[in-house]
Amino acid sequence: NGVVTREQYLASYTPRYTLSERFYVYGLAQYEGDRFQGYRSRKSFSPGVGYRISDSDALKFTIDGGPAVRFTDFVDEPHKTSISALGSMDVSWKASSSIRVKQQASAYIEADNSTFTSTTSIEAGMLKGLKARLSYRFEHDTAPPDGSRQTDTLSRFTLVYGF
């Protein structure tokens, strides 16, 4: 009916430099836009260190963290710059030859508003090069702008084709 009820953007780049078999350092640059959650844009930058707990084909598990700075351009409030601590984890488990379960979670811990995100997905091979993915994303802000929801969720079904 010509009424926009959801408009969300996310772009992220995280290069990693391997220090040893288990340790690495990273740099994160991230852009988010979600006016329905009360901000036009939120840019985050973070350097940090990570550790590979497991790096086999059957189980990949990493944790990382470091300081972060976030620049938020609110819809109805003044622009804000905040310092936070960022921690994240990434788990990928190959349950069988054609099924993979993934969990990615992160937390920005700040004095005024902390953000917690989690994405859980299951991916199943269908044909050679074609996979089906079902995912669920959960995002929670402890103190969002007035009129915004604290918790936002998104479910997706995706077909993935690999070349």
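Residues numbered from 1 in each chain as written. Predicted model: local features only at pLDDT ≥ 70, side-chain atom pairs only at ≥ 80, totals over all residues. Heavy atoms only, no water.

## Some words on empty space enclosed by the protein
Stated formally: Here the term cavity refers to a set of points on a 1 Å grid, laid over the protein atoms alone, in which a 1.4 Å probe fits but cannot get out; the term pocket refers to an open set having protein on both sides within 12 Å along at least five of seven lines, with lining residues being those that place an atom within 4 Å of a point. Grid points are joined across faces, edges and corners, and a volume is the space filled by probe spheres set on the points. Helix and strand labels come from DSSP, where a helix needs a run of H or I of at least four residues and a strand needs a run of E of at least two; each type is numbered from the N terminus.
Applying the stated criterion to the full structure yields one cavity of 30 Å³ or more. Of the voids in this model, the largest cavity is the one considered here, and its volume is about 40 Å³. Elements represented by at least two residues in the lining of the largest cavity include exactly strand E9 (130-141) and strand E10 (151-161). By residue number, the principal contributor to the lining of the largest cavity is E10, which donates three residues.

## Considerations on the nonpolar core
Here is the rule we go by: Residues belong to a common nonpolar core when they are buried Ala, Val, Leu, Ile, Met, Phe, Trp, Tyr or Cys residues joined through side-chain atoms within 4.5 Å. Burial classes follow relative accessibility: with a 1.4 Å probe on protein chains only, a residue under 20% of its type's maximum area counts as buried, one over 50% as exposed, and anything between as partly exposed.
Counting six residues, the largest nonpolar core consists of Tyr24, Tyr26, Leu28, Ala68, Leu86 and Tyr108. Ranked by the residues each element gives to this core, the list is headed by strand E3 (residues 23-34), at three residues.

## Section: the side chain of Asp64
Under the convention used in this document: Residues adjacent in sequence count toward polar contacts only when both atoms are side-chain atoms; beyond that, a polar contact is any pair of N or O atoms within 3.5 Å, and within protein one must be able to donate a hydrogen and the other to accept it.
Tracing the backbone shows Asp64 in strand E5 (residues 59-74). Judged by relative accessible area, Asp64 falls into the buried class, the value being 17%. Here the side chain of Asp64 touches Tyr24 through a polar contact of 2.9 Å, side chain to side chain. There is a polar contact of 2.3 Å between the side chain of Asp64 and the side chain of Ser88.

## Brief notes about the packing of aromatic side chains
To keep it simple, the criterion reads: In this analysis, rings of Phe, Tyr and Trp, with Trp reduced to its six-membered ring, are considered paired at centre separations within 6.5 Å, and the interplanar angle assigns stacked below 30 degrees, edge-to-face beyond 60, and tilted for intermediate values. The rule for a charge over a ring is simple: NZ of Lys or CZ of Arg within 6 Å of the ring centre, and within 35 degrees of the ring normal.
Applying the stated rule across the entire model yields two aromatic pairs. On the basis of an interplanar angle of 55° and a centroid distance of 4.9 Å, the ring pair of Phe23 and Tyr51 is categorised as tilted. Placement of the pair is Phe23 in strand E3 and Tyr51 in strand E4 (residues 39-55), with a sequence separation of 28 residues. Relative accessible area serves as the criterion here: at 42%, Phe23 is assigned to the partly exposed category. With relative accessibility at 31%, the residue Tyr51 sits in the partly exposed group. The aromatic ring of Tyr39 is capped on one face by Arg42, whose charged end is 4.4 Å from the ring centroid. Stacked on the ring of Tyr108, the Lys or Arg Arg70 has its end atom at 3.9 Å from the ring centre.

## Brief notes about the confidence of the model for the protein chain
Test applied: The predictor's confidence in any single residue is recorded as pLDDT, a number from 0 to 100.
Per-residue pLDDT for the protein chain averages 93, and the proportion of residues at 70 or more is 100%. Ranking the elements of the protein chain by mean pLDDT puts E10 last, at 92, and strand E7 (residues 99-109) first, at 97.

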